[in-house]
Amino acid sequence: MLRLCTVLVLTMRASGDATSEAEAQALVKLTHLFKKDPGAAEQLVRAAKGSAPAPATSPPIPYEQLLASVKSTAASPPPPAASPPGAFTWAAAQQNMRRCMNGTTPDIRRDRYAYWRSTSALGNALNGWMHVFLYALASGRQLVAGDGLAVELLCGTHGAFLCGIPYRSRSWLKQQTARGVDAGWTASDHAVHTADLMWFKYSGVS
């Protein structure tokens, strides 16, 4: 906000005046330098103050020329941290489950989904999460975070965690063939199996 206000004020004052406009641009760039390396910025200001004042008709000293005389010693920002070895991925979890079960679980389908949804409180929603997680592993379906306040707060587009699975809204679900997860975990060719959790009922258990 401070940068925006500064630019607006300087632009209003510099409109129609090439010299003032150049000074305004130099001030904005100097602000960036102060944020990146205050020591280099102060050295630049001292160098500018020590130079002889130019006649009124002379063009201003280019900012780049002054900046070239000062070398910044600020360290470059570190690169983003790489994912640690062994970090969780849903694809790896599916492969590990199938290998652990000696290939007896259903084939992994990229076009079939287990949809986690909950209208219950946080504790119940987490219980439902563990259940649908296991169900998706056992059925070879892709785990998807769905609608419901607790689900959205945990794994939604602006949720608190990077859950490692995609988030799909209720409008996406309406476009799919779907049925609920039953207590027997019976198979079907519906595109989506929904794990519907309410405070008084969960379809995935008897």
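Quick look at the packing of aromatic side chains
Now for step 1: Counting across every chain of the model gives six aromatic pairs.
Now for step 2: Put simply, the rings of W90, W116, W129 and F133 touch in pairs and so form one group of aromatic residues.

With respect to the state of the cysteines
Now for step 1: Here the structure, examined in full by the defined rule, presents one disulfide.
Now for step 2: With a sulfur-sulfur separation of 1.9 Å, C155 is cross-linked through a disulfide to C163. Since a negative S-S torsion denotes a left-handed disulfide, the C155-C163 link at about -80° is left-handed. Each member of the pair, C155 as well as C163, is classed as buried.

Overview of the environment of W185
Now for step 1: Mapped onto the elements of the fold, W185 is located in the loop between β3 (178–180) and β4 (192–198).
Now for step 2: Residue classification places W185 among the partly exposed positions, given a relative accessible area of 32%.
Now for step 3: Put simply, W185 and S139 are 46 residues apart on the chain and 8.3 Å apart in space, counted from C-alpha to C-alpha.

Some points on the pairing of β4
Now for step 1: The buried fraction of β4 is high, at five of seven residues.
Now for step 2: For strand β1 (residues 113–118) and β4, the ladder comprises six bridges, and the chain directions are parallel. From the neighbouring strand, Y113 faces β4, where its bridge partner is V192.
Now for step 3: Sheet topology note: the β3/β4 ladder contains three bridges and is parallel. Across the sheet, residue A178 finds its bridge partner in β4, namely V192.

Considerations on the pairing of β1
Now for step 1: Bridge count for β1 against strand β2 (residues 142–145) is four bridges, and the pairing is parallel. Residue pairing across strands places Y115 opposite V144, the latter belonging to β2.
Now for step 2: The β-α-β motif built from β1, the intervening helix α6 (residues 122–139) and the parallel element β2 has right-handed crossover chirality.

Some thoughts on the confidence of the model for the protein chain
Now for step 1: Looking at the protein chain, the pLDDT average stands at 75 and 58% of residues meet or exceed 70.
Now for step 2: The element-level mean pLDDT for the protein chain is lowest in helix α1 (residues 2–14), coming to 44, with β2 highest at 94.
Now for step 3: Low pLDDT, under 50, characterises residues 1–16; the predicted model gives this stretch nine contacts beyond four residues in sequence or across chains.

What counts and how
- Residues numbered from 1 in each chain as written.
- Predicted model: local features only at pLDDT ≥ 70, side-chain atom pairs only at ≥ 80, totals over all residues.
- Heavy atoms only, no water.
- Phe/Tyr/Trp six-rings, centres within 6.5 Å; stacked < 30°, edge-to-face > 60°.
- Disulfide = S-S within 2.5 Å.
- Buried < 20%, exposed > 50% of the residue type's maximum accessible area, 1.4 Å probe, protein only.
- Helix = DSSP H or I, 4+ residues; strand = E, 2+ residues; numbered from the N terminus.
- Pairing = 2+ DSSP bridges.
- Right-handed = clockwise from strand over helix to strand, strands pointing away.
- pLDDT = per-residue confidence, 0-100.
- Contact = heavy atoms within 4.5 Å.

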